[in-house]
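Coordinate analysis (summary)
Here is how the chains run, residue by residue.
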Amino acid sequence: VPVAEDASVGTVVALLSVSDRDSGENGRVRCWVWPASPFGLEATFLGSYSLVLREALDRERVSEYEVEVRAEDGGAPALRARRGLRVPVSDVNDN
């Protein structure tokens, strides 16, 4: 679903769930968005995250974002996973 270019900072764009069956430090998961973009992750509760808008969008500048959510556990060596997301930006002043 496209995100309107006039969406407010803090708008939830997607909901994600991340889990690791290990316990203790090995089961601790760290998540982030790559590359740097106007989106960020907020932990909502254990293993759940919201991809949220952190900056204003301008469709004339960027009409679509390709972002990747990356996760890594606390094990040694760390296990890693990633998931790509396409976020289209809709123009609010198109006729």
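All chains use their own residue numbering, which begins from 1 and follows the written sequence. pLDDT decides what is reported in this predicted model: residues at 70 or higher carry local features, side-chain atom pairs at 80 or more are listed and counted, and totals for whole chains, interfaces and linings draw on all residues regardless. Just so you know, side-chain values use all the structure's heavy atoms and leave hydrogens and water out.

Some remarks on the pattern of salt bridges
Whenever a carboxyl oxygen of Asp or Glu lies within 4 Å of a side-chain nitrogen of Lys or Arg, that contact is scored as a salt bridge. Counted according to the given criterion, the structure contains five salt bridges. Among the ionic pairs, Glu-64 bridges to Arg-86, the shortest N-O distance being 3.3 Å. With a gap of 22 residues between them, Glu-64 in strand S6 (residues 64–73) and Arg-86 in strand S7 (residues 80–90) connect regions that are remote in the sequence. The class of Arg-86 is exposed, set by a relative accessible area of 57%. Arg-70 is the salt-bridge partner of Glu-68, the closest N and O atoms lying 2.6 Å from each other. Residue classification places Glu-68 among the buried residues on the basis of a relative accessible area of 18%. Under the DSSP-based scheme used, a helix requires at least four consecutive residues in state H or I and a strand at least two consecutive residues in state E, with every element numbered from the N terminus. Whether a residue is buried, partly exposed or exposed follows from its accessible area with a 1.4 Å probe, protein chains only, as a fraction of its type maximum: under 20%, in between, or over 50%, in that order.

Here we look at the nonpolar core
Residues grouped as a nonpolar core are buried Ala, Val, Leu, Ile, Met, Phe, Trp, Tyr and Cys residues, joined through side-chain atoms within 4.5 Å. Counting 18 residues, the largest nonpolar core has Phe-39, Leu-41, Leu-51, Leu-57, Tyr-65, Val-67 and Val-87 as the members making the most contacts within it. If you list the elements that add at least two residues to this core, you get strand S3 (29–34), strand S4 (39–45), strand S5 (48–53), S6 and S7. Sort the elements by how many residues they give to this core and S6 lands first, with four residues. In what follows, residue pairs with any heavy atoms lying within 4.5 Å of each other are defined as contacts. Aside from chain neighbours lying at most four places away, what touches Phe-39 is Val-13, Val-33, Leu-51, Val-52, Leu-53, Arg-54, Leu-57, Tyr-65, Val-67 and Val-87.

Some thoughts on the pairing of S4
Two strands qualify as a pair provided that DSSP identifies no fewer than 2 bridges between them. Summarising the sheet, S4 and S5 pair through six bridges and their orientation is antiparallel. Paired with Ala-43 across the two strands is Tyr-49, which belongs to S5. In textbook terms, the turn of a hairpin is the stretch between consecutive antiparallel strands, and for S4 and S5 this stretch comprises two residues, one of which, Gly-47, has a positive phi near 80 degrees.

A short note on the layout of surface pockets
Roughly 250 Å³ of volume is contained in the largest pocket. Where the lining of the largest pocket is concerned, the elements lending two or more residues are strand S2 (12–17), S6 and S7. Cavity means a closed set of points on a 1 Å grid over the protein atoms alone, one where a 1.4 Å probe fits but cannot get out, pocket means an open set with protein on both sides within 12 Å along at least 5 of 7 lines, and lining means a residue has an atom within 4 Å of a point. Grid points are joined across faces, edges and corners, and a volume is the space filled by probe spheres set on the points.

Structural notes on the packing of aromatic side chains
Side-chain rings of Phe, Tyr and Trp, where Trp is taken by its six-membered ring, are said to pair if the distance between their centres is within 6.5 Å; with planes under 30 degrees apart they count as stacked, over 60 as edge-to-face, and otherwise as tilted. Going through the model one piece at a time under the given rule, you end up with one aromatic pair. Over the face of the ring belonging to Trp-32 we find Arg-30, whose NZ or CZ atom lies 4.1 Å from the ring centre. When the ring centre of Trp-34 is taken as reference, the NZ or CZ atom of Arg-70 above it lies at 4.2 Å. By definition here, charges over rings are those cases where NZ of Lys or CZ of Arg is within 6 Å of the ring centre and within 35 degrees of the ring normal.

Focus: the sheet that holds strand S1 (residues 3–4)
Spatially, the four strands line up as an open sheet ordered S1-S7-S6-S3, and their pairing is mixed. Each edge of the open sheet is held by one strand with a lone partner, namely S1 and S3. Of the pairings in the sheet, the one linking S3 to S6 comprises six bridges and is antiparallel in character. Opposite Trp-34, over in S6, you have Glu-68 as the bridge partner.

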